[in-house]
Amino acid sequence: MAVEEGIDDYTQDGTVDLKGNPVRRSKRGGWTACSFVVVYEVFERMAYYGISSNLVLYLTRKLHQGTVKSANNVTNWVGTIWITPILGAYVADAHLGRYWTFVFASLIYVTGMSLLTLSVSIPGLKPPPCHQANIDDCKKASTLQLATFFGALYTLAIGTGGTKPNISTIGADQFDDFHPKEKASKLSFFNWWMFSIFFGTLFANTVLVYIQDNVGWTLGYGLPTLGLVISVMIFLAGTPFYRHRVPAGSPFTKMAMVIVAAARKWRVPLPSDPKELHELDLEEYARNGKFMIGSTPTLRFLNKAAVKTGSTDPWMLSAVTQVEETKQMLRMIPILIATFVPSTMIAQINTLFIKQGTTLDRHIGNFKIPPASLAGFVTISMLVCVVLYDRFFVPVIRKWTNNPRGITLLQRMGIGLVLHFVIMAVASLTERYRLNVAKQHGLVENGGQLPLTIFILLPQFVLMGTADAFLEVAKLEFFYDQAPESMKSLGTSYSSTSLGIGNFLSSFLLSTVSDITQRDGHEGWILNNLNKSHLDYYYAFFAVLNFLNFIFFMAMIRFYVYKAEVSDSMHVLTEELKVMRLKASNQEAAKGIA
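Residues numbered from 1 in each chain as written. Predicted model: local features only at pLDDT ≥ 70, side-chain atom pairs only at ≥ 80, totals over all residues. Heavy atoms only, no water.

The name given to the protein chain in an unreviewed UniProt entry is Major facilitator superfamily (MFS) profile domain-containing protein, with the source organism recorded as Gossypium mustelinum. Regarding the protein chain, the relevant UniProt record gives this comment under Subcellular location (unreviewed entry): "Membrane". Taken directly from UniProt, the Sequence similarities (unreviewed entry) text for the protein chain runs: "Belongs to the major facilitator superfamily. Proton-dependent oligopeptide transporter (POT/PTR) (TC 2.A.17) family." (UniProt positions renumbered as here; feature names shortened; annotations may be inferred.)

The following block contains the structure:
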């Protein structure tokens, strides 16, 4: 009986310890392991947002860059931050595994943060102070100064490329999909994961930006660097409790094999019975901690890759499971595309929204609010909404829908997309009001500060946090949940890729609109003097873009087929358990003999 309980205690999802041995559920994983991962994320997000939240003001005030240039430098860097996880996911899935990829990348991350702190601290690495109203009259940063500052920023970006796609995946890996209680806990993991992210963000957007604006950039950047070092130490302290997955091979190569094999056999007819397609033995998957996936009728052309023609060349013949894994990644691409536009809206938080705040009255008595602190309301709103959603909305809606999540992930994303349309409509109306006040007080030409409280911008920040509670949480969970088991890191990188492309799209749109609207002698919509600009038109343009994107999203989800839950197949589950129990029993016997 004791032996049987010991066998039952082993995880059934193929996770191992760092030495490659199967792990006991009672010894590793679960919320105990996740506590280290979640606490890491609080400190790491404090470090990242401690840099990014106020970056546009550092570029304008210290490096003397204009509105369009500074905003684009921010979004290009943030875009790189969110694109590099594709490389990190590839290294993790194909070579080093998630844990070691994260460890090595975190060292690069710390190096970048340290260099960045030095670049804002040493006088020779930044131009002299300038208090001119027109920044064009200020001395520009030298090539060496720019190279040092941006070199540090992009070193940091490379580091986050290895940490970001793997840390959330490592957290999710601590729950066994084949264990009912752990699988139920996993449904709440991503909500609380986002909670930890925005808790760290809140500290950065309040305390750190205040220090940067009122005490100095050395301390303002030094504290995030220290926070990052602490976060890495916390993660490493949890190593004895983690479950790990062994690298499953390059997902890009496996996908390419399927596509090439299908293309080379495009004239070969498909058999009427899917069982005639090539597939590996169940024991082969169980031995490697993988899952068998049955053939589906969607994207039927790719099924040709599994048609037997006599050749065993992996570029001519793929197993059904490999074909289905490729389908799963390809099916998500239209949904990924639909998230680019809202990611572009998020890019406005730390660029144009913050620049608007610099033109408004920021005083509460003798206290002066840093413009970037308004981003803290995005965090607060998101935190409140996540808790309300997880604790109240889901239990109530679940009774009507019988869905463990309350509503589907795509429905949750759709609500977020609608909110993004509302956000930009509100932002446009608010900006129109701000410009009218500037005209009434004769502050258009000199670009002076308006006698208008900064809190008129509060609705657009609060709504952005509400939208994040729906779209961003659902997006992260969707791409993780729908990715095949051997490509979870790549699936998670879809979420960060969305943010990356959204930031690059923001740079493109800002430059393009600025250029087009200044042609033929027009003053343009986006100028260094925001009181002469027309951000209200720009935001209205974004509202229209969000509306069109929502229509595209609704069209795409009509054709989307959710990935089948492999653990819902009792036949597959039973066979998997038999193999794993036999393996565990043999190991127990070997230990007894030893």
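Anyway, onward from the coordinates.
> Could you clarify how one ought to interpret the overall build of the protein chain in this entry?
On a plain count of helices and strands, the protein chain comes out with 20 helices and two strands. Within the protein chain, the fraction of its 594 residues that count as buried is 56%. Once local pairs closer than 6 in sequence are excluded, the contacts in the protein chain between residues at least 24 apart make up 82%. Working note: accessible area of the protein chain is about 24600 Å², and carbon and sulfur atoms make up 65% of it. (Helix = DSSP H or I, 4+ residues; strand = E, 2+ residues; numbered from the N terminus. Buried < 20%, exposed > 50% of the residue type's maximum accessible area, 1.4 Å probe, protein only. Contact = heavy atoms within 4.5 Å. Areas by Shrake-Rupley, 256 points an atom, 1.4 Å probe, with all protein chains shown as cover.)

> What am I meant to see in helix 11 (residues 320-331) here?
In an α-helix, one turn spans 3.6 residues, which is why side chains three or four residues apart end up on the same side. Taking 1.5 Å of rise per residue, the twelve residues of helix 11 would be expected to cover 16 Å, and the 16 Å separating its terminal C-alpha atoms lies within 8% of that figure. Extensive coverage of helix 11 is indicated by the burial of eleven of its twelve residues. Among the residues of helix 11, those classed as buried are Val-320, Thr-321, Gln-322, Val-323, Glu-324, Glu-325, Thr-326, Lys-327, Gln-328, Met-329 and Arg-331. (Expected span 1.5 Å × (residues − 1).)

> Hey, could you run me through the UniProt feature "transmembrane region" (unreviewed entry) in the protein chain in this one?
Residues annotated by UniProt as "transmembrane region" (unreviewed entry) correspond here to residues 74-92, 98-118, 189-211, 217-237, 335-354, 374-397, 409-430 and 537-561. Between the C-alpha atoms that bound residues 74-92 there is a distance of 28 Å. The span itself is 95% helix and 0% strand. Here residues 409-430 is 100% helix and 0% strand, with 32 Å between the C-alpha atoms at its ends.

> Explanation requested: the nonpolar core in the structure shown.
In summary, soluble globular proteins display a tendency toward joint burial of nonpolar side chains. Judged by nonpolar contacts, the single largest core of 78 residues is most densely connected at Trp-77, Phe-149, Tyr-538 and Tyr-539. Composition of this core by domain shows at least three residues from each of domain 1 (10-249) and domain 3 (325-579). Setting aside anything within four residues of it in sequence, one finds Trp-77 in contact with Tyr-48, Ile-51, Ser-52, Leu-55, Leu-153, Tyr-154, Leu-156 and Ala-157. With 29 residues, the next largest nonpolar core counts Tyr-99, Phe-102, Ile-197 and Phe-198 among its residues. (Core = buried A, V, L, I, M, F, W, Y, C linked by side-chain atoms within 4.5 Å. Domains from an automatic or database assignment.)

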